[in-house]
Amino acid sequence: MVLLQIRLRGVSDKRVQNAMNQVPRHSFVPEELVSQAYADHPLPIGQGQTISQPYIVALMTEKLKLKGDERILEIGTGSGYQAAILAKIAKEVYTIEIKEKLYKKASNLLRSIGFSKIKTLHGDGYFGWPEAAPFDCIMITASIDHIPPPLLKQLKNGGRLILPLGNPFSYQYLSLVTKHDDQYTVKQITGVLFVPMTGHALDQNRTVTDDIP
Amino acid sequence: MILTAVFLLSLSSLAFEVLLTRVFSISQWNHLSFMVISIALFGFAAAGTFLNIIDTHKKDWEQRLSASGPVKIFIILYTVTAIGSFILLNRIPLDYFRLPLEPVQIFYLLTAYLLLALPFFFAGLVISLAYAFIPEKTGFVYFASMAGSACGAIIPVPFLPLLGEGRFIILAALIPLIILPFERPPANKIHTKTKTISRGKRFALQASGLFIVIIAGLLVSMGDGIGIKVNPSPYKDLSRVLKFPDTRIFETVTGLRGRFDSVQSPYIRFAPGLSLKFKDILPKQWAIYRDGDTPFFGYKLQLQKDEWFSRFTLPYAGYMLAPNPEHILLIQDGGGSGIPCAMACGALNITIVEQKPQIAHMVRKNYNIPVVNQNPRAFMAQSDNHYDIIHIENWGSSIPGSDALTQGYLFTTASFSGYLNHLTENGILIMARKLLLPPADSIRLWAGAYESLRSLEFENPEQHIAVLRNWSTFTLIVSVKPFNDTVVLKDFARNMNFDLVYLPGITKEMVNRFNMFDAPYHFFEINRLAEAYRSGTEKAYFETYPLDVAPQSDSRPFPGRFLKWSKLKTLYKMTGSRFYSLFMSGEIVVSVVFLEALVIAILLLMLPVFTIKKQDKKPNISHLIYFLAVGAGFMFVELFFIKKYIFIFGDPVISFTVVLTGILIFSGFGGYCSQRIGPGGLRNVLIALIAVLILVFLGLDPMIHGILGFSKILQYALAILLLILPCFLVGLPFPLGMRYLLNRPAQRAYAWTANGCASVLTSILSAQIALSLGIPIIILCAAAAYLLAFLISNTKIIGQK
C-alpha cells in the first residue's frame, strides 16, 4: 500500500510513510470490509461517514510538515485512523467527533490498540477545543464551505490548518491555511471529495475524555 | 359529453404538469425536473399508439371506447393515477446523484417515468378518441383541448398560494370527475353513433367517483403527514441548514414563482468573499430559500458596527474606489451581502432592485430601504438616474453547472452597456460571483465588460477593468475612468489577504500570493484574452479555450452555461474524470433526455408499423411527416415566445404562464375557426403562417426592447397582443390536417401520436438550440417545420385525396 499508493504518488515524508506502515488500518474498518482495508479508496464506517483513502490520509498528514513536537487538533475523528497516524508522528493529538456512536467506538478502539496519548472529545468541532488551544496544526476531515474562524483563532503563529474547502455536496479543494502573524495564506492542493461537516451537536452537550475513559 | 371530457382533462392535466414542475423544482433541480416530466409527457403520445394497436384487433373501437361509459372510466383512471403517482413519487428514494453508482436508482427512475406517464396516457386517450371519433368536428375538439389547457395554465396562479403544491395537485386531479353525474340525453348526442350507458353502470361509476373524492378529501384534510408534503432535495442548501439545532422555518409563501421558505438559525453564516482578517462575530442572519436553494440572506444590523464586516469582503474593493458615494444602485439576485456593503460606505441614497416580490418585501421590512420590485433590465430601460456605484450581486446556484439552462440577462454585453450608461463620470460597476476553476465566469465577465466598453467607444477598455479574488469568489470592477492609480486596490488586496487577478500594470509576481493555486490560472487566462483582444484574435481564443467563455448576448443569455461539446473529453478529465460532475450540467441532462425521448418516440411511432399486418392500414409516411412537422412547429413557436418573453418579465415562470395561456387561447380560437376553412385553405394557412414567423424573427427583437420601457400593465398587454396572430395561425394546421388529410380513425390516432412525440422532442431540442445557437434560431426552426408541412400537404397528400 505504502509503496504503490503513497510513495509513487509523491508522498515522500519518511515519518508519514513509517506511520502508514505501522498503524494497522484493518483495525479501523468494519469487520465485513477488512479484506478491502488497504484498497485504494475510502470505505464506509457507518453513520454516513467514511475512512479516507490511504493516499489522502498520507497527503493531508504530509502537508502539515510535522517534525514530532507538535500539538495537533483533528476535527472529525471518524474511525480514529487519521488520529492514530498523527499520533505516530506528533507529540499530542486532540480529536473531536460529533457522532456519539463513532466517538465511543473510536475512543475504545484507540485505547485498545495502544494510542492512549490521543485525547478524544464528543462535540461540534466547528468551535474547536479552546481549553486545549493553541495548536500547531489543525486538520478538518469533513468538507466545509468556509474556514471556521474559531479554529483560526486556536492556531499558533506559524500554524497550519488543512481542510477540504468548498461546496460540501459537490467537490472540494484540499486547502492548507497558514498563519503568519496576522497574515493568512490559503494554498489549494488538489480536488477531493469528503463527507459534509455536520452540526448536530451543541457546544454545551460536549463530553470530554481526558486520555481514554 | 366527449368535448366536455376533453376540456376538463386538458385543464387538469396541464395544471398537473405545471404543478409537477413546481414539485420537482423543490424536490430536485429545474433541469432534473425537465428530465422526468419530458418523458412522462410521452403518455399522451402513447395513447395514440395504443389505439392503433387496438385497431388491428377490434372493429368499431372508436365507437365503443368513446361511449360515455369508457370515457368515464378513463377519467376515473386519470384521477386515480394522477393522485397515486404523485404520492408514490414523493416516497420513491430516487437520487440522481447516485444513478452512476447504484443500479437500483435506474429502477426508481424508470418507475418515476412510468408512474407519471400514466395520467397523461389516460388524458391522451380521451383526447385522441375525440379526434378519431368525430373527424368532422376536429376544430371543436382542438378548441376544447386548447381552452381547457389554457385554464389549466392559469388556475395555479390564484390557487397555488392558497393550497400549496401537494393539496392543489390532488384537487386539480379531481376536476374531471365533475362530469361523472352527467349523461347527455340521446337527443343531444354530439354524434349519431354515441352510445349511452345503463343506469346500473352509471351508478357504479358515480359511486367510484364519490369514493375517490372522499379519499382525496381525507388526504387533503389530514395535512402533510401522509405523503403530500413536498420536501426539498437533501443536497439543497435549505435541507442542509435545517439539520442544525435551533433552526426553523418561520414563514413559507408558495406561488408560481416558487416556494419561499424564510429560515431562522444561529448557524446561518453568509459572508462570501470575507477576509480571514475579520475576527469579530458576524451579525445575526436569516435567510429566504427559493425552492430550497439560491438563498437570499438578511442581516440584523441593529448598530452601525454590525455593518463593519462588509468592509472586509471582496466586493467592498469597488466601494474603496468611490469614497462618499451619493447614490448607489444595488441589483440583487440572490445573496444579500451587497446591502451591508452599500450601507457601510455611508451612501446618501441606496436604491435596491429586487425582482422577486417576496424577497423585495422582506428587504423593505428588514432594512427600511426603498426597494424597487421590478425586472432589472426594465428598471434600467425606464430610469434616467445616474449612480456612483452600481453593484450586481448574483452568486448562482449551490452546485456549479446545475443552472446551465437558466436564462439570465444580468451579465450580457447589452446589460454591461446599460450599467455603464447609468454611471456618473467617476462611477464604478461591481460584480461579485463564485470563483470557478478552470477559469470560466471570470473570463466571460471580463470579456463582456471589455466588449461593452469598446462598443461605447472607451479608449483602451482594458484600462477600465480590475479583477480580484479570494479562494472562492471573485469581484469584477469596471471604472468609467481608467485605472491610472492602482494603489487603493493593491493596498486593499494586501491588507485583506486578497489576490489581484487583473489590474493594469500588474505582473505575475504580484498575483497568487494569499490564495494560492499551483499556478495563477485566472491571471494567465485573462491576460491571454486581453492580448487576444489587442491583436484582434479574440475569436480564436474563444474557439480554442476548453470552455465556452465568450461574452453573452441578449439572444443567448445563459450565464451558468460553459460546456463545449467539442471539448467534452478534455472537460471530463479536467474535472477529475468524475461522471457525476458532468451529470450535474444541465446541458448534459438535456442531451441524455433527448436520447431517451428519441428512443421512446421511435418505439411509439414504429410499434403500429410492425403490429399492423395489413399493408393498406399501415401508417403513411407522408402523414407522419406532416404531423411531426406541425407538432414540432407549434412547440418551437411556444418555446420561442417563452424564452423571448423572459427578457420582458425577467422571470421564466411569468413568461411561461403568459405565453402558455396566450398560445392556448389563441390557437384554440384558431382551431375553432378552422371549422369554417375548406380543404384548399390549408395551403394558404401554412404560407401565411411561415410569412408571419419570418416577420417575427426579423421584427420581434426591436419590439420587445421597446416594450421594456413601458409600465407593467402595458408590458403584459403588448406582449399578449404580439402573440395573437402567430398563435392563432399555429392553431390551424393540426385540426385542418386531421380533417382533410386523414380518412380513418386509426390514422387520426396515429397523427395524435406523431404530434405528441414531436412536441416532446421539440421542447427538449429547443433548450439545446437556445444554448448553442441562440433563441432567435428557434423561430426559424418553426418556420422550417411548417415549410416541411406545406411541402408535404401540397404534394403527396393532396394528390392522394
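Residues numbered from 1 in each chain as written. Chains lettered and ligands numbered in written order. Predicted model: local features only at pLDDT ≥ 70, side-chain atom pairs only at ≥ 80, totals over all residues.

1. Comments concerning the domain arrangement of chain B
Residue and element names in this part refer to chain B.
No. 1: Entries for chain B in the domain assignment read domain 1 (1-231), domain 2 (285-564) and domain 3 (585-801).
No. 2: Each partner contributes residues to the interface: domain 1 has 37 residues there, and domain 3 has 40 residues.
No. 3: For the side of domain 1 that touches domain 3, the secondary-structure elements that each account for two or more residues are α2 (30-40), α3 (42-57), α6 (103-133) and α7 (138-154).
No. 4: Class assignment of the residues belonging to the side of domain 1 that touches domain 3 gives a composition of 24 nonpolar, 11 polar and 2 charged. (Domains from an automatic or database assignment. Contact = placed C-beta atoms within 7 Å. Helix = DSSP H or I, 4+ residues; strand = E, 2+ residues; numbered from the N terminus. Nonpolar A, V, L, I, M, F, W, Y, C, P; charged D, E, K, R; others polar.)

2. What about α7(B)?
No. 1: Look at α7(B): 24 Å from first C-alpha to last across 17 residues, which is about the 24 Å you get at 1.5 Å a residue.
No. 2: The buried fraction of α7(B) amounts to 16 of the 17 residues, a majority that puts the element mostly inside the structure. (Expected span 1.5 Å × (residues − 1). Buried ≥ 20, exposed ≤ 12 C-beta atoms within 10 Å, placed from the backbone.)

3. Section: the environment of Asp60(B)
Residues and elements named next belong to chain B.
No. 1: Relative to the helices and strands, Asp60 is located in the loop between α3 and α4 (61-65).
No. 2: We classify Asp60 as exposed; it has 9 C-beta atoms within 10 Å.
No. 3: Counting along the chain gives 685 residues from Asp60 to Pro745, while the straight-line C-alpha distance between them is 9.4 Å.

4. Structural notes on helix α18 (residues 521-535) of chain B
All names here are of chain B.
No. 1: Its 15 residues give α18 an end-to-end C-alpha distance of 21 Å, which sits within 8% of 21 Å, the value for a rise of 1.5 Å per residue.
No. 2: In this fold, the buried residues of α18 make contact with α16 (441-455), β10 (465-469), β12 (499-502) and α19 (538-544).
No. 3: Phi turns positive, to about 75°, at Gly536, one or two residues after α18.

5. Quick look at the environment of Gly76(A)
No. 1: Tracing the backbone shows Gly76(A) in the loop between β3 (71-75) and α4 (81-89).
No. 2: Every residue in contact with Gly76(A), bar those within four places of it in the chain, is listed here: Glu97(A), Gly125(A), Ile140(A), Thr141(A) and Ala142(A).

6. A look at the sheet that holds strand β11 (residues 473-479) of chain B
Residues and elements named next belong to chain B.
No. 1: Taken in spatial order, the 8 strands line up as β7-β6-β5-β8-β9-β11-β10-β12 in an open sheet, and their pairing is mixed. Among the strands making up the open sheet, the edge pair consists of β7 (371-372) and β12.
No. 2: Bridge count for β10 against β11 is 5 bridges, and the pairing is antiparallel. If you follow Ala466 over to β11, its bridge partner there is Ile477.
No. 3: Helix α15 (residues 413-421) rests against β8 (387-393), β9 (423-434) and β11 of the sheet, and its axis sits at about 140° to β9.
No. 4: Its contacts with the sheet put α18 on β10 and β12, and the angle it makes with β12 is roughly 20°. (Pairing = 2+ DSSP bridges. Axes fitted to C-alpha atoms, helices over the stretch in contact; angles between N-to-C directions.)

7. A short note on the sheet that holds strand β2 (residues 258-264) of chain B
Residue and element names in this part refer to chain B.
No. 1: Ordered by their spatial adjacency, 4 strands build an open sheet running β1-β2-β3-β4, and the pairing between neighbours is antiparallel. A single partner strand is all that each edge strand has here, and the edge strands are β1 (248-255) and β4 (293-299). The average undirected angle you get between the axes of adjacent strands in this sheet is 20°.
No. 2: Note that β2 and strand β3 (residues 285-290) share 5 bridges and pair antiparallel. When the bridges of β3 are listed, Val263 appears paired with Ala287.

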